[in-house]
Amino acid sequence: MTDKTSNQMWGGRFAAGPDAIMEAINASISFDKRMAAQDIAGSRAHAAMLAATGIVSDSDAAAMREGLLTVLSEIEAGEFQFSTALEDIHMNVEARLKDLIGAPAGRLHTGRSRNDQVATDFRLWVRDQLDAVDQALQALMRALLAQAEAGADWVMPGFTHLQTAQPVTWGHHMMAYVEMFGRDLSRVRDARARMNECPLGAAALAGTSFPIDRDMTAEALGFDRPCANSLDAVSDRDFALEFLGAASICAMHLSRFAEELVIWSSAQFRFVALSDRFSTGSSIMPQKKNPDAAELIRAKVGRIFGANVALMMVMKGLPLAYSKDMQEDKEQVFDAADNLMLALAAMEGMVRDMAARRENLEAAAGSGFSTATDLADWLVRVLDMPFREAHHVTGALVAKAEAKGCDLPDLSLSEMQEVHGEITAAVYDVLGVHNSVASRVSYGGTAPAQVRAQVARWKERLG
């Protein structure tokens, strides 16, 4: 492919070509070539519409469409020579099309502008990414469901402030993340539905005088409808911001789970064993098995958050319609999408491979006076004690157990009765961690039956 350095495709407005600095700052081909498939799809749909409306001949449209397929095959085969002098993917594709089919290539841009062209390409690209994230989230949720189902009745400590709070089940903890990622999935689907309007035909900013059929191109490209306002169509990037917003929340959820995996896999916790596939060793300490995949997922959130803020800053002060600032809309989105997909895939792999250490989870579940709330509830339910008094009595029993160096179930009945004389041996029924979790039967609770019901609900929803 020839380098068109002296014949810029935007015509004869300027007597001399831009110098090297201007060329470097103006060019976007180094990154927007990622949208080649979307650009060619949009151009093929536009060419078909131009022929259907009689704006170009059928033969010219056929030549354009076939030539564009040739260009696409060259790009996919790695044979295409991209030119910085041609600025962007649109001009690179059109120049190569002209090499292939000659004069008819010059008719392809009739009734459109690079402004609506790039807006269409970018929407198509973001839509494809939303579809990919949708699939990746479903795969991660299925991996979590498998863990939840296997450990629906395995007890473990539930934490607040990273302090032992009450016993829960492994399945319940896994299902908490299913709910989070389920909301991420709904945000992705909402964003896709909202952004699925076609900018093509808005032209530079005001529409076109040619008798184009915008419904035809919108349908051909899988959009629900054309964008209703040409100014908005070429200047809107909130679809990309919404993608980044959904990606940021999802990345935050991934980071929280990654943090737990880092803690749980430590020698101090030993709640889970991560597979060798998602761990590394130390260059100096042979005993180490580092949860590097989880740590890197935890770090990825910074890049994704940063992309969201960066694009918001690009867009915040722009008057309508298009400004060249908007060329800075893509690299952040590309980077965020890459890192989100990588983080989702890594997390799915870790979840599928990880082994929960049931014995360690159960041993930890009973520590830290985790059944204190069950004791207080028993005092209220059986002795008809006001909860505030029950809270006080339970606190006194915890202090007694702490002083003795034991847990609540290890106190004798006489020791308990020293604090409150009406306590009976029936209290021991609620002090076991299995009894505790089994009693939490309220909707959304940690009881194994509730966990299994939620697993079944999500399996049905995911299909």
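Quick look at the structure, then. (Residues numbered from 1 in each chain as written. Predicted model: local features only at pLDDT ≥ 70, side-chain atom pairs only at ≥ 80, totals over all residues. Heavy atoms only, no water.)

**Some remarks on the overall build of the protein chain**
A count of helical and extended segments in the protein chain gives 18 helices and six strands. Its C-alpha atoms give the protein chain a radius of gyration of 31 Å, more than 25% over the compact-globule value 23 Å for 463 residues. Overall, the C-alpha framework of the protein chain stretches about 100 × 50 × 40 Å when taken along its three principal axes. In the protein chain, buried positions account for 51% of the 463 residues. Split by element, the accessible area of the protein chain, about 21,100 Å² in all, is 53% carbon and sulfur. Averaged over its 45 positive side-chain charges, the protein chain has a centre that lies 1 Å from the centre of its 61 negative ones. (Helix = DSSP H or I, 4+ residues; strand = E, 2+ residues; numbered from the N terminus. Rg over C-alpha atoms; globule rule 2.2 N^0.38 Å. Buried < 20%, exposed > 50% of the residue type's maximum accessible area, 1.4 Å probe, protein only. Areas by Shrake-Rupley, 256 points an atom, 1.4 Å probe, with all protein chains shown as cover. Lys, Arg positive; Asp, Glu negative; His and termini not counted. Charge placed at Lys NZ, Arg CZ, Asp CG, Glu CD.)

**Describing empty space enclosed by the protein**
Following the criterion strictly, the structure yields two cavities of 30 Å³ or more and no others. The calculated volume of the second largest cavity comes to roughly 30 Å³. Lining the second largest cavity are L130, V133, V188, F243, A246, A247, C250 and L340. For the lining of the second largest cavity, the secondary structure elements donating two or more residues are α6 (114–150) and α10 (238–264). No other element matches α10, which puts four residues into the lining of the second largest cavity. Among the residues making up the lining of the second largest cavity, the classes are represented as eight nonpolar, no polar and no charged. (1 Å grid on protein atoms, 1.4 Å probe; cavity = no way out; pocket = protein on both sides within 12 Å on 5 of 7 lines; lining within 4 Å. Points joined across faces, edges and corners; volume = space filled by probe spheres on them. Nonpolar A, V, L, I, M, F, W, Y, C, P; charged D, E, K, R; others polar.)

**With respect to the pairing of strand β1 (residues 155–160)**
With six bridges connecting them, β1 and strand β2 (residues 163–169) associate as antiparallel partners. Residue pairing for β2: V155 is matched across the bridge by T169. Taking the residues between adjacent antiparallel strands as the criterion, β1 and β2 are bridged by two residues, where H161 takes a positive phi near 60°. (Pairing = 2+ DSSP bridges.)

**Some words on the packing of helix α4 (residues 58–76) against helix α5 (residues 89–101)**
Where α4 meets α5, the closest approach of the two axes is 9 Å, and the angle between their N-to-C directions is 115°. With respect to the hand of their crossing, α4 and α5 are arranged in right-handed fashion. Facing α4, whose interface residues are A63, M64, G67, L68, T70, V71 and E74, α5 presents V93, R96, L97, L100 and I101. (Axes fitted to C-alpha atoms, helices over the stretch in contact; angles between N-to-C directions. Left-handed = near helix turned anticlockwise from the far one by under 90°. Contact = heavy atoms within 4.5 Å.)

**Quick notes on the side chain of Q38**
Relative to the helices and strands, Q38 resides in helix α3 (residues 36–52). Relative accessible area serves as the criterion here: at 10%, Q38 is assigned to the buried category. Apart from the residues within four sequence positions on either side, Q38 is in contact with D121, L124, W125 and D128.

**Points about the nonpolar core**
W170, L254, F257, W264 and M347 are the most contacted members of the largest nonpolar core, which has 79 residues in total. Of all the secondary-structure elements, those providing two or more residues to this core are α6, α7 (170–195), α10, α11 (292–315), α12 (330–353), α13 (358–365) and α18 (448–462). The dominant element in this core, judged by the number of residues it contributes, is α10, at 15 residues. With near-sequence residues (within four places) excluded, W264 lies in contact with M156, W170, H173, M174, F257, F269, R270, F271 and V272. Counting 22 residues, the second-largest nonpolar core is a separate cluster that includes A36, A47, V71 and L72. (Core = buried A, V, L, I, M, F, W, Y, C linked by side-chain atoms within 4.5 Å.)

**Considering the environment of T373**
With respect to the helices and strands, T373 occurs in helix α14 (residues 372–383). Residue T373 is classed as partly exposed on the basis of its relative accessible area, which comes to 30%. For the pair formed by T373 and V430, sequence separation is 57 residues and the distance between their alpha carbons is 9.7 Å. What T373 contacts, discounting residues up to four positions off in sequence, is Q166 and R440.

**Notes on the pattern of salt bridges**
Applying the stated rule across the entire model yields 25 salt bridges. The partner of D88 in a salt bridge is R114, with the nearest N and O atoms 2.6 Å apart. Remark: R114 occurs in helix α6 and D88 occurs in the loop between α4 and α5; sequence separation between them is 26 residues. Relative accessible area serves as the criterion here: at 7%, D88 is assigned to the buried category. The partner of E149 in a salt bridge is K459, with the nearest N and O atoms 2.7 Å apart. On the criterion of sequence distance, the pair formed by E149 in helix α6 and K459 in helix α18 is long-range, its members being 310 residues apart. For E149, a relative accessible area of 43% gives the class partly exposed. What emerges from the salt-bridge pattern is a single network uniting E74, R96 and D99. (Salt bridge = Lys/Arg side-chain N within 4 Å of Asp/Glu carboxyl O.)

**Remarks on α10**
The end-to-end C-alpha distance of α10 is 39 Å, a good match for the 39 Å that 27 residues give at a rise of 1.5 Å each. Taking burial as the measure, the 27 residues of α10 include 21 buried ones, the bulk of the element. (Expected span 1.5 Å × (residues − 1).)

**Description of the environment of M141**
By the secondary structure assignment, M141 is in helix α6. We classify M141 as buried; its relative accessible area is 0%. Separated by 152 residues in sequence, M141 and A293 place their C-alpha atoms 18 Å apart. If sequence neighbours within four positions are ignored, M141 has contacts with V178, F181, G182, L185, W458 and L462.

**Side note on the layout of surface pockets**
What the largest pocket holds in volume is close to 360 Å³. Lining the largest pocket are 15 residues, with F159, H173, Y177, R256 and E260 positioned closest to its centre. Partitioning the lining of the largest pocket into residue classes produces nine nonpolar, three polar and three charged.

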